[in-house]
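One letter stands for each residue in the lines below.
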Amino acid sequence: MPVEMNTGSAILGKTFITRLDRLSIDYFIVWVKAYEKMLDAIPGQFFEIKIPGSDLSLLRKPISIYDIRDEEIGFMIKRIGYGTDMLSKAKEGQILDIIGPLGNGFSDSENKDILLISGGIGYAPLFYLKRKLERKNNVVWMHGGRTKNDVFHSCNIIYTDDGSSGIRGLVTDGLELILAEKKFAMIYCCGPDQMMKRCSEIASKLNCEMEVSLEEYMGCGIGACYGCVVSIREDNNTVYKRVCKEGPVFK
Ligand code: FES
């Protein structure tokens, strides 16, 4: 049975893997048993996850929520190193240390035309966001990746660098095209830094409201170490914010 301790609105404790789903060569979903407060998590929030007893290379990793269904939470993971490789080989029943849900999450919207735009593993938090938003909004989702192995078919418009799936090119080029044709009340964005930077340049030029979910190296994940501070432009001023606490979602 899991041991749980309340830390504000988050849970610190243990859960276990219920199943693993492979999406492509390098991407998979780890589903874990969700307990009460975990089920209240909103899209854009994340958990710090660790395989207990593992060595230093397996310190807790911040992983955003991919989906919540019944009594399970899914985390989408890309196999890029030792830690994520270990997770990809974990078995049903494997115990995990978790802290979460953490961070602020995306804002809610109602009766709006919404555009989601993601790149690579930035697909993960937008999957759950889309499921929530499409009940009460019109949602279009554009996603870009390097090859067909980096794109997923829940999206409406797909771009790949090599043209192996969808349209050849950058999803940011697609953003300019779609915004020239249609006005969206809100854009939600997650992906590599350069992609998000370009998206916010395009959106601000056209006065479109946008939220981006930042990824940053995280030490503690709970606002204590200040290892995740980034500079943010706010009302023409530069301010410093912790991605794990004031983010990861910023306007
Ligand atoms: Fe420690 Fe954000 S990771 S303050």
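In short, a report on the structure. Being a predicted model, the structure only gives us computed values, none of them experimental.

## A few points about the nonpolar core
Generally speaking, nonpolar side chains in soluble globular proteins are found buried as a group.
Okay, so step 1: Counting residues in hydrophobic clusters, the biggest one holds 31 residues, and the most contacted among them are Leu 115, Ile 117, Leu 175, Leu 179, Ile 187, Cys 189 and Leu 214.
Okay, so step 2: Of all the secondary structure elements, the ones that give two or more residues to this core are β7 (95-102), β8 (113-119), α3 (171-181), β12 (186-190), α4 (193-205), β13 (210-213) and β14 (229-234).
Okay, so step 3: The greatest single-element share of this core, amounting to five residues, is contributed by α4.
Okay, so step 4: Ile 117 has contacts with Leu 126, Trp 141, Met 142, Val 171, Leu 175, Ile 187, Tyr 188, Cys 189, Cys 190, Met 195 and Cys 199, leaving out every residue within four places of it along the chain.
Okay, so step 5: Phe 106, Leu 116, Ala 124 and Ile 158 belong to the second largest nonpolar core, which has 24 residues in total.

## Some remarks on the packing of aromatic side chains
Working definition: an aromatic ring pair is given by the centre-to-centre distance plus the angle between the planes.
Okay, so step 1: Overall, the coordinates contain nine aromatic pairs when judged by the stated rule.
Okay, so step 2: Their ring planes at 75° and their centres at 6.4 Å tell us that Trp 31 and Tyr 66 sit as a pair that is edge-to-face. Taken together, the residues Trp 31 in strand β3 (residues 27-33) and Tyr 66 in strand β5 (residues 61-69) connect sequence positions 35 residues apart.
Okay, so step 3: Residue classification places Tyr 66 among the buried positions, given a relative accessible area of 7%.
Okay, so step 4: Among the aromatic residues, those joined into a cluster by ring pairs are Tyr 27, Trp 31, Tyr 66, Tyr 123, Phe 127, Trp 141 and Phe 152.
Okay, so step 5: Taking NZ or CZ as reference, Arg 19 lies 4.4 Å from the ring centre of Trp 31, over its face.
Okay, so step 6: Residue placement shows Lys 33 over the ring face of Tyr 35; its charged tip is 5.7 Å from the ring centre.

## Comments concerning the environment of Tyr 128
Okay, so step 1: Its place among the elements puts Tyr 128 in helix α2 (residues 123-133).
Okay, so step 2: Given a relative accessible area of 4%, Tyr 128 falls into the buried group.
Okay, so step 3: The spatial distance from the C-alpha of Tyr 128 to the C-alpha of Phe 106 is 11 Å, given a sequence separation of 22 residues.
Okay, so step 4: Excluding anything up to four places from it in sequence, Tyr 128 contacts Ala 41, Ile 42, Pro 43, Ile 65, Tyr 66, Asp 67 and Ile 68.

## A word on the layout of surface pockets
Okay, so step 1: Roughly 1,300 Å³ of internal volume is contained in the largest pocket.
Okay, so step 2: Along the walls of the largest pocket sit 44 residues, with Lys 78, Ile 80, Ile 121, Gly 122 and Glu 215 positioned nearest its centre.
Okay, so step 3: The set of elements that each furnish at least two residues to the lining of the largest pocket consists of β4 (46-50), β5, β6 (72-78), α2, β9 (138-145), α3 and α4.
Okay, so step 4: Broken down by element, the residue count for the lining of the largest pocket peaks at four residues, all from β5.
Okay, so step 5: Of the residues that constitute the lining of the largest pocket, the class distribution is 20 nonpolar, 14 polar and ten charged.

## Concerning the packing of α3 against α4
Okay, so step 1: Where α3 meets α4, the closest approach of the two axes is 10 Å, and the angle between their N-to-C directions is 15°. Relative to α4, the element α3 lies roughly parallel. By crossing handedness, the relation of α3 to α4 is classed as right-handed. Facing α3, whose interface residues are Val 171, Thr 172, Leu 175, Glu 176 and Leu 179, α4 presents Met 195, Arg 198, Cys 199, Ile 202 and Lys 205.
Okay, so step 2: For the contact of α3 with α4, the per-class residue count stands at six nonpolar, one polar and three charged.

## Concerning the sheet that holds β13
Okay, so step 1: Pairing is mixed in the open sheet, where seven strands are placed in the order β11-β10-β9-β8-β12-β13-β16. Single-partner strands in this sheet number two, and they are β11 (167-168) and β16 (249-250).
Okay, so step 2: Together, β8, β9 and β12 form the strand contacts of α2, whose direction differs from that of β8 by roughly 160°.
Okay, so step 3: This element, α3, spans β8, β9, β10 (157-160) and β12 of the sheet and lies at about 150° to β9.

## Overview of α2
Okay, so step 1: With respect to burial, α2 is a largely interior element, nine of its eleven residues being buried.
Okay, so step 2: Along α2, the residues classified as buried are Tyr 123, Ala 124, Pro 125, Leu 126, Phe 127, Tyr 128, Leu 129, Lys 130 and Leu 133.
Okay, so step 3: Next to the buried residues of α2 lie β5, β6, β8, β9 and β12.

## Section: α3
Okay, so step 1: Along α3, the residues that are buried comprise Val 171, Thr 172, Gly 174, Leu 175, Ile 178 and Leu 179. Viewed along the axis of α3, the buried residues span an arc of 145°, placing them on a single side of the element. Exposed positions of α3 whose direction lies more than 90 degrees from the buried face are Leu 177, Ala 180 and Glu 181.
Okay, so step 2: As for α3, its buried residues are in contact with β8, β9, β10, β12 and α4.

Thresholds applied
Residues numbered from 1 in each chain as written. Predicted model: local features only at pLDDT ≥ 70, side-chain atom pairs only at ≥ 80, totals over all residues. Heavy atoms only, no water. Core = buried A, V, L, I, M, F, W, Y, C linked by side-chain atoms within 4.5 Å. Buried < 20%, exposed > 50% of the residue type's maximum accessible area, 1.4 Å probe, protein only. Helix = DSSP H or I, 4+ residues; strand = E, 2+ residues; numbered from the N terminus. Contact = heavy atoms within 4.5 Å. Phe/Tyr/Trp six-rings, centres within 6.5 Å; stacked < 30°, edge-to-face > 60°. Lys NZ or Arg CZ within 6 Å of the ring centre and 35° of its normal. 1 Å grid on protein atoms, 1.4 Å probe; cavity = no way out; pocket = protein on both sides within 12 Å on 5 of 7 lines; lining within 4 Å. Points joined across faces, edges and corners; volume = space filled by probe spheres on them. Nonpolar A, V, L, I, M, F, W, Y, C, P; charged D, E, K, R; others polar. Axes fitted to C-alpha atoms, helices over the stretch in contact; angles between N-to-C directions. Parallel < 35°, antiparallel > 145°, perpendicular 65-115°, else oblique. Left-handed = near helix turned anticlockwise from the far one by under 90°. Pairing = 2+ DSSP bridges. Arc of directions from axis to C-beta.

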